[in-house]
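Listed here are the chains, written in short residue letters.
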Amino acid sequence: MISAEKIPNNVDLSGNKRLQRALEHWQPKYLQWWRDMGPQGFQDYHQVYVRTAVSVDPEGWAHFEYVKLPEYRWGIFLAEPVPDRRIGFGDFFGRPVWQEVPGEFRNQLRRLIVTQGDTEPASVEQQRLLGRRCPSLYDLRNLFQVNVEEGRHLWAMVYLLHSYFGRDGRDEAEELLERQSGNRDKPRILEAFNEPIDNWLDFFMFTMFTDRDGKSQLMSLSESSLDPLSRTTRFMLTEEAHHMFVGETGISRILERTCQLMRESGFSEDVRRVGGIDLPTIQKHLNQWFSLSLDLHGGEVSTNAAAYFANGLKGRAKEDTFDDHVLKGAVYSMEFFENGRAVTKDVALRNAMNEVLRDWYVGDCEAGVERWNRILERYGVSDRLRVPDRKFNRGIGMFSGLHFDPDGRPLSSDEWKRRRFDWLPSASDSEYLLSIMAKPVYERGKFANYIAPPRRGINQQPIDFEYVRTEQ
Ligand SMILES: [Fe+2]
Ligand SMILES: [Fe+2]
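Remember, it's a predicted structure, so these values are computed and weren't measured experimentally.

Caption draft 1: Spatial organisation of the overall build of the protein. Looking only at helices and strands, the protein has 11 helices and seven strands in total. Dimensions of the protein along its principal axes, counting C-alpha atoms only, are 65 × 65 × 40 Å. Looking at the 472 residues of the protein, the share that counts as buried comes to 58%. For the protein, restricting intrachain contacts to residue pairs at least 6 apart in sequence, the fraction spanning at least 24 positions comes to 72%.

Have a look at this one:
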């Protein structure tokens, strides 16, 4: 069970006074950050129907109640230890997992934890203005649920930094509150987390694709030889699933509404004229967030990734389903682009680890897009959504200096400049989206014109439940 202390936890925090003091010192800074950089306009006079962890077992951890956002009980929750857990991959395969950080891997582990930790507050910052444009109380509540849990994920990483990295860890924990999404002088570490999210189409695409990258990273880290990192990320994954649910069903509901509007206004009609979101605009936002999220997996050939694998720091998702856990001498066939032509070459599998994780990610995304397409099919609409080729619009890795269309065909710089807004959101697309979201919908059971209601409410509550209530 989780303790009822100032910082709820299942790590016996009160038994470790030094750590408890350090975290209690960080807590007010975190709360200040939440007020300054968290959801704007919903801090003091709104109560949100959120779930909070009360225990980490699969059945009992979610507890629902109304909370004012700054009073959410952020805490430290680790999944239960696996008895006699062994290192699952790399050069130390089969040895007992580590309960402390080995000196030689300290810097690599710190970098992994800081990079993961930095994404958590970043997304809260990116989404902080969305509340004032929400399509319903139901969606508003989901946004805040995602936000408080990203805040908790930051706590999870800060716990590791404070517990295992001494002074450096404390400094890193402070800096996690100092960098700011989109800030020119102190930006967040990864590019996708500096992009603005000012409309709900972006929010749903972000939770579909970028939170899915989060899932991919957390699955890799949950294989880690550093047992506390594995246990922390395993519990984070249970929260992450809800974020992707919000994204996937959010887009499903937009698609459903778009189809309805197309049907009502005649299939050839421009959906924008009746206030909906047209399929080409949806595809453009999909292209944008899918390609940005591909970049998050890092370069295709990477000695860092090889070292993380060799040292047992970061593995493959579901490592135990593979036959070979050491991968010495194994190769991966990779597509390169040389002199304007695609060529396939073998790369040492350990060096291709980012690409291996990206393969898993792309497959998971494709399956989600297929589920979206079934909605179009059901309405008799012949268009289909699809994920673009992985060379399209890349900012990291070997395709980053080159240009490709969504089918993966190479383009000259001029062609790219001329056509990029055929495939990516333009200023006028954003303007249109903001125009239909200008008026938030705060009335119980009502939904903005561009989105269908969900199939069911949260925690078996009705759809017209007062998911966010205002204090008089
Ligand atoms: Fe997260
Ligand atoms: Fe998330």
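Caption draft 2: Inspection of the coordination of the iron ion (ligand 2) at higher detail. Within the protein, Glu-150 (OE), Asp-211 (OD), Glu-240 (OE) and His-243 (ND1) serve as the donor atoms for the iron ion (ligand 2), at 1.9 to 2.2 Å. Mapping the donors of the iron ion (ligand 2) onto the primary sequence gives the spacing E-x60-D-x28-E-x2-H. The iron ion (ligand 1) is placed at 3.5 Å from the iron ion (ligand 2), the two being bridged by Glu-150. In this pair, Glu-150 sits in helix H3 (residues 137-164) while His-243 sits in helix H6 (residues 227-265), placing the two residues 93 residues apart along the sequence. Owing to a relative accessible area of 3%, Glu-150 belongs among the buried residues under this scheme. On the basis of relative accessibility, which here comes to 0%, the residue His-243 falls in the buried class.

Caption draft 3: Region of the structure containing the coordination of the iron ion (ligand 1). Those protein atoms acting as donors to the iron ion (ligand 1) are Glu-120 (OE), Glu-150 (OE) and His-153 (ND1), and they sit at 2.1 to 2.2 Å. In primary sequence terms, the donor set of the iron ion (ligand 1) follows E-x29-E-x2-H.

Caption draft 4: Spotlight on the sheet that holds strand E7 (residues 468-470). Strand order in the open sheet formed by three strands is E2-E1-E7, with antiparallel pairing between adjacent strands. With one partner strand each, in any of the chains shown, strand E2 (62-67) and E7 form the two edges of the open sheet. Shown here is a sheet whose adjacent strand axes are inclined to one another by a mean of 25 degrees, direction ignored. As paired elements, strand E1 (residues 46-53) and E7 share three bridges and run antiparallel to each other. For Gln-47, the partnering residue across the bridge sits in E7 and is Arg-469. Sitting on the sheet, H3 touches E1, E2 and E7, and the angle it makes with E1 is about 50 degrees.

Caption draft 5: Structural view of the pairing of E1. In terms of burial, E1 is largely enclosed, as eight of its eight residues are buried. Neither face of E1 is left uncovered, since the one carrying His-46, Val-48, Val-50 and Thr-52 and the one carrying Gln-47, Tyr-49, Arg-51 and Ala-53 both have all their residues buried. Bridge count for E1 against E2 is six bridges, and the pairing is antiparallel. Considered in E2, the bridge of Thr-52 is made with His-63.

Caption draft 6: Highlighting helix H7 (residues 279-295). Compared with the 24 Å implied by 1.5 Å per residue over 17 residues, the 25 Å span of H7 between its first and last C-alpha is a close match. The buried count for H7 comes to 16 of 17 residues, which makes it a mostly enclosed element.

Caption draft 7: Molecular detail of the packing of aromatic side chains. Counted under the stated rule, the structure contains 35 aromatic pairs. Measuring from centroid to centroid gives 5.5 Å for Tyr-30 and Trp-33, while their planes differ by 40 degrees, and the two rings are tilted. With Tyr-30 and Trp-33 both in helix H1 (residues 17-37), this residue pair falls three residues apart, about one helical turn. Neither Tyr-30 nor Trp-33 differs from the other in exposure class; each is buried. Aromatic pair Tyr-49 and Phe-465: ring centres 4.9 Å apart, planes at 65 degrees, arrangement edge-to-face. Taken as a pair, Tyr-49 in strand E1 and Phe-465 in the loop between helix H11 (427-437) and E7 lie far apart in primary sequence, 416 residues in all. Phe-465 carries the same exposure label as Tyr-49, and that label is buried.

Caption draft 8: Quick peek at the side chain of Glu-172. Inspection of the secondary structure puts Glu-172 in helix H4 (residues 166-178). Overall, the relative accessible area of 12% leaves Glu-172 in the buried class. Excluding residues within four positions of it along the chain, Glu-172 makes contact with Arg-110, Val-114 and Leu-161.

Caption draft 9: Focus on the environment of Val-356. Tracing the chain through its elements places Val-356 in helix H9 (residues 353-378). Filtering out sequence-adjacent residues up to four positions away, Val-356 remains in contact with Arg-316, Tyr-332 and Leu-349.

Caption draft 10: Spotlight on a positive patch on the surface. A surface patch of positive charge is lined by Lys-17, Arg-18, Arg-21, Arg-167 and Arg-170. Going through the elements one at a time, H1 and H4 are the ones with two or more residues in the positive patch. Broken down by element, the residue count for the positive patch peaks at three residues, all from H1. Structurally, the position occupied by Arg-18 is in helix H1. You can call Arg-18 partly exposed: its relative accessible area is 44%.

Definitions and limits used
- Residues numbered from 1 in each chain as written.
- Chains lettered and ligands numbered in written order.
- Predicted model: local features only at pLDDT ≥ 70, side-chain atom pairs only at ≥ 80, totals over all residues.
- Heavy atoms only, no water.
- Helix = DSSP H or I, 4+ residues; strand = E, 2+ residues; numbered from the N terminus.
- Buried < 20%, exposed > 50% of the residue type's maximum accessible area, 1.4 Å probe, protein only.
- Contact = heavy atoms within 4.5 Å.
- Donors = N, O, S within 2.8 Å, 3.2 Å for Na, K, Ca; no water.
- Pairing = 2+ DSSP bridges.
- Axes fitted to C-alpha atoms, helices over the stretch in contact; angles between N-to-C directions.
- Expected span 1.5 Å × (residues − 1).
- Phe/Tyr/Trp six-rings, centres within 6.5 Å; stacked < 30°, edge-to-face > 60°.
- Patch = residues over 30% accessible without salt bridge, like charges linked within 9 Å, V, L, I, M, F, W, Y side chains within 5 Å.
- Areas by Shrake-Rupley, 256 points an atom, 1.4 Å probe, with all protein chains shown as cover.
- Salt bridge = Lys/Arg side-chain N within 4 Å of Asp/Glu carboxyl O.
- Lys, Arg positive; Asp, Glu negative; His and termini not counted.
- Charge placed at Lys NZ, Arg CZ, Asp CG, Glu CD.

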